[in-house]
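Descriptive structure summary
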Amino acid sequence: MSLVSDLMDQPGVVAAGDFAYRGDQYYHHKGGLSAADTRLISSLCRSNAAAVRMEGDMLAMFSRVCQPSAGGCGFEPVKGWVMHGKSRSVCVISNVYCVVDNERGSLGNVLGMMRERLADAPDFLN
Amino acid sequence: MLKQLLDLKGVQAVAHFREESGEPWQVHGELSDTDARRLTRLALDFKRMTQGHADQLALFVNQPGWTPANGWIVHGDRRTVCGMSSMVAVVDNAEANLTEVMKALAQESFFT
Amino acid sequence: MSDLKTLSSMPGTVAAFQFDEEGRFEDAVITDDVVIDRDTLDLLGHLCVANMAIGAMQARGWEGMSDVKGFYPVQGFTFVGLDWSAVSRGHQGVVLSNDKADFDAAYKALAG
């Protein structure tokens, strides 16, 4: 079973998919989003991933305690992010995203599955 | 020649970096090794992020002409950083002409 | 603050606009409503505010670590798209056609 299918089997997961290149291409998508919305969410996820990656790089470069020479804080390279909305949240790990209903879903379970299955994924921004 | 950009008024440093890692490929001007690495890493990060914002803007407004993003400029208090393709320049606000710098970076990236 | 009408009269300018501290559209003079509308300007305002904040974060972090100063506070952000560019400073911006864009003149005019 693919990770995207497994995520969709989790309670409260509304949509899941992946993104490639600049987010305008994807290999897998499941859920009730239109083709236009799927393209938009994969593009948005890719864009936010690039921004969060930069913030991780900045912590490694500019924070005295997070520099690799000081032992690092483990933020760099960033692997993902979560946007907590009022009733739904978006989780991204590597190049996979998942939209979760806050009431019905468990972010812990979803993120746990994504982190475990994508632990060795190559750098998704290259 | 990237180095010739230093001949433009107000250009203090220029760098060409590797697209995949942000590592400096060529650096000219008065920057320490550490600062050069920081500058090119941030330039790659900013480029990717701006590209992402451009892609989203194009989808939101459904209008051509915004993406792919060509470059970005962060206007600082006394210094400004200009990015175009895999090139980045640091300029002095009081002396540099941004249009001239952006054109030179575009030309350099076209021939590199 | 600069006068939006004056800003919009610069060569290659299709709009001059004003936004609040979060990037929300406040006012604009649009000289070519075929290429730009209020919704796009609202998004561009948000894009400029987001990037200025990120640029400020970079400048702040940079100046804490490097001897090269002069970036903070970040005063503006320019987004160079494929055909169009948005130059912003403070809470105002202009949208320019790239083939006629004078980034320097636009940024200076935005100083008011």
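Preceding this section is the structure that the text describes.
To start, this report covers the structure provided alongside it. (Residues numbered from 1 in each chain as written. Chains lettered and ligands numbered in written order. Predicted model: local features only at pLDDT ≥ 70, side-chain atom pairs only at ≥ 80, totals over all residues. Heavy atoms only, no water.)

So, about the interface of chain C and chain A. Taken residue by residue, the interface counts seven residues in chain C and seven residues in chain A. Summed over both sides, the interface of chain C with chain A buries roughly 640 Å², with 76% coming from carbon and sulfur. Area buried by chain C at its contact with chain A is led by Met57(C), Gln58(C) and Met65(C), which between them contribute 65% of it. Linking chain C to chain A there are zero salt bridges. (Contact = heavy atoms within 4.5 Å. Buried area = accessible area lost by both parts, 1.4 Å probe. Salt bridge = Lys/Arg side-chain N within 4 Å of Asp/Glu carboxyl O.)

Residue and element names in this part refer to chain A. Strands sit in the order β2-β1-β5-β4-β3 across an open sheet of five strands; the sheet is antiparallel. Every other strand in the sheet has two partners, leaving β2 (29–31) and β3 (80–84) as the edge strands with one partner each. Between one strand and the next, the sheet's axes are offset by a mean angle of 10°, whatever the strand orientation. With three bridges joining them, strand β1 (residues 13–18) and β2 adopt antiparallel strand pairing. Residue pairing in the sheet places Ala15 in a bridge with Gly31 of β2. (Pairing = 2+ DSSP bridges. Helix = DSSP H or I, 4+ residues; strand = E, 2+ residues; numbered from the N terminus. Axes fitted to C-alpha atoms, helices over the stretch in contact; angles between N-to-C directions.)

In terms of nonpolar packing, the biggest core is built from 51 residues, with Trp66(B), Ile36(C), Leu44(C), Phe79(C) and Val95(C) touching the most fellow members. Those residues in contact with Leu44(C) that lie beyond four places of it in its chain are Leu57(B), Trp66(B), Phe17(C), Ile36(C), Phe79(C), Ala86(C) and Val95(C). Counting residues in each nonpolar core, the second largest holds 29 residues, with Val91(B), Val101(B), Ala16(C) and Val87(C) among its members. (Core = buried A, V, L, I, M, F, W, Y, C linked by side-chain atoms within 4.5 Å. Buried < 20%, exposed > 50% of the residue type's maximum accessible area, 1.4 Å probe, protein only.)

Here we take up the packing of aromatic side chains. The full count for this structure, using the stated rule, is six aromatic pairs over all chains. Consider the rings of Phe17(C) and Phe19(C), whose centres lie 5.6 Å apart with planes at 40°: the pair is tilted. We classify Phe17(C) as buried; its relative accessible area is 0%. Judged by relative accessible area, which is 1%, Phe19(C) ranks as buried. Seen from their ring centres, Trp62(C) and Phe71(C) are 5.9 Å apart, and the 85° between their planes marks the pair as edge-to-face. For Phe71(C), a relative accessible area of 8% gives the class buried. Three or more aromatic residues joined by ring pairs make a cluster, and in this case those are Phe62(A), Trp62(C) and Phe71(C). The ring of Tyr72(C) is capped by Arg60(C), whose NZ or CZ atom sits 4.5 Å from the centre of that ring. Over the face of the ring belonging to Tyr107(C) we find Arg89(C), whose NZ or CZ atom lies 4.0 Å from the ring centre. (Phe/Tyr/Trp six-rings, centres within 6.5 Å; stacked < 30°, edge-to-face > 60°. Lys NZ or Arg CZ within 6 Å of the ring centre and 35° of its normal.)

Residue and element names in this part refer to chain C. Here strand β1 (residues 13–19) pairs with strand β2 (residues 25–30) via five bridges, running antiparallel. Within β2, the position partnered with Gln18 by the bridge is Asp27. The hairpin turn running from β1 into β2, its antiparallel successor, is five residues long, and Gly23 in that turn takes a positive phi close to 100°.

Listed per partner, the contact involves 40 residues of chain C and 38 residues of chain B. Here chain C packs against chain B, burying approximately 3,300 Å² in sum over the two surfaces, 63% of which is carbon and sulfur. Here chain C is connected to chain B by zero salt bridges. Where chain C touches chain B, the interface holds 23 residue pairs in polar contact (both at pLDDT 80 or more). Among the secondary structure elements, those contributing two or more residues to the side of chain C that touches chain B are α2 (38–65), β3 (76–80), β4 (84–89) and α3 (103–109) of chain C. Here the element with the most residues in the side of chain C that touches chain B is α2(C); it accounts for ten residues. Here the residues of the side of chain C that touches chain B sort into 22 nonpolar, 13 polar and five charged. Looking at chain direction, strand β3 (residues 71–75) of chain B and β3(C) are connected through five bridges and run antiparallel. From the neighbouring strand, His75(B) faces β3(C), where its bridge partner is Gly76(C). (Polar contact = N/O pair within 3.5 Å; in protein donor to acceptor, adjacent residues only side chain to side chain. Nonpolar A, V, L, I, M, F, W, Y, C, P; charged D, E, K, R; others polar.)

Counted under the stated rule, the structure contains eleven salt bridges over all chains. Among the salt bridges present, the one from Asp123(A) reaches Arg53(A), with a minimum N-O distance of 2.9 Å. Separated by 70 residues along the polypeptide, Asp123(A) in the segment after α3 (107–117) and Arg53(A) in helix α2 (residues 35–62) bring together distant segments of the chain. The partly exposed category is assigned to Asp123(A), whose relative accessible area is 36%. For Arg38(B), the salt bridge is made with Asp35(B), and the minimal N-O distance between the two is 3.0 Å. One end of the pair is Arg38(B) and the other is Asp35(B), both in helix α1 (residues 33–61) and three residues apart, which spans about a single turn. Across this residue pair, the class does not change: Arg38(B) and Asp35(B) are buried. Salt bridges sharing partners connect three or more residues here, namely Asp57(A), Arg41(B) and Asp45(B).

This paragraph deals with unusual backbone geometry. Along the chain, Thr67(B) connects to Pro68(B) via a cis peptide bond; the corresponding omega equals 0°. When you line up the elements, Pro68(B) lands in the loop between α1 and β3. Each neighbour pair has its own omega, and for Tyr72(C) with Pro73(C) the value is 0°, a cis peptide bond. Tracing the sequence through the fold places Pro73(C) in the loop between α2 and β3.

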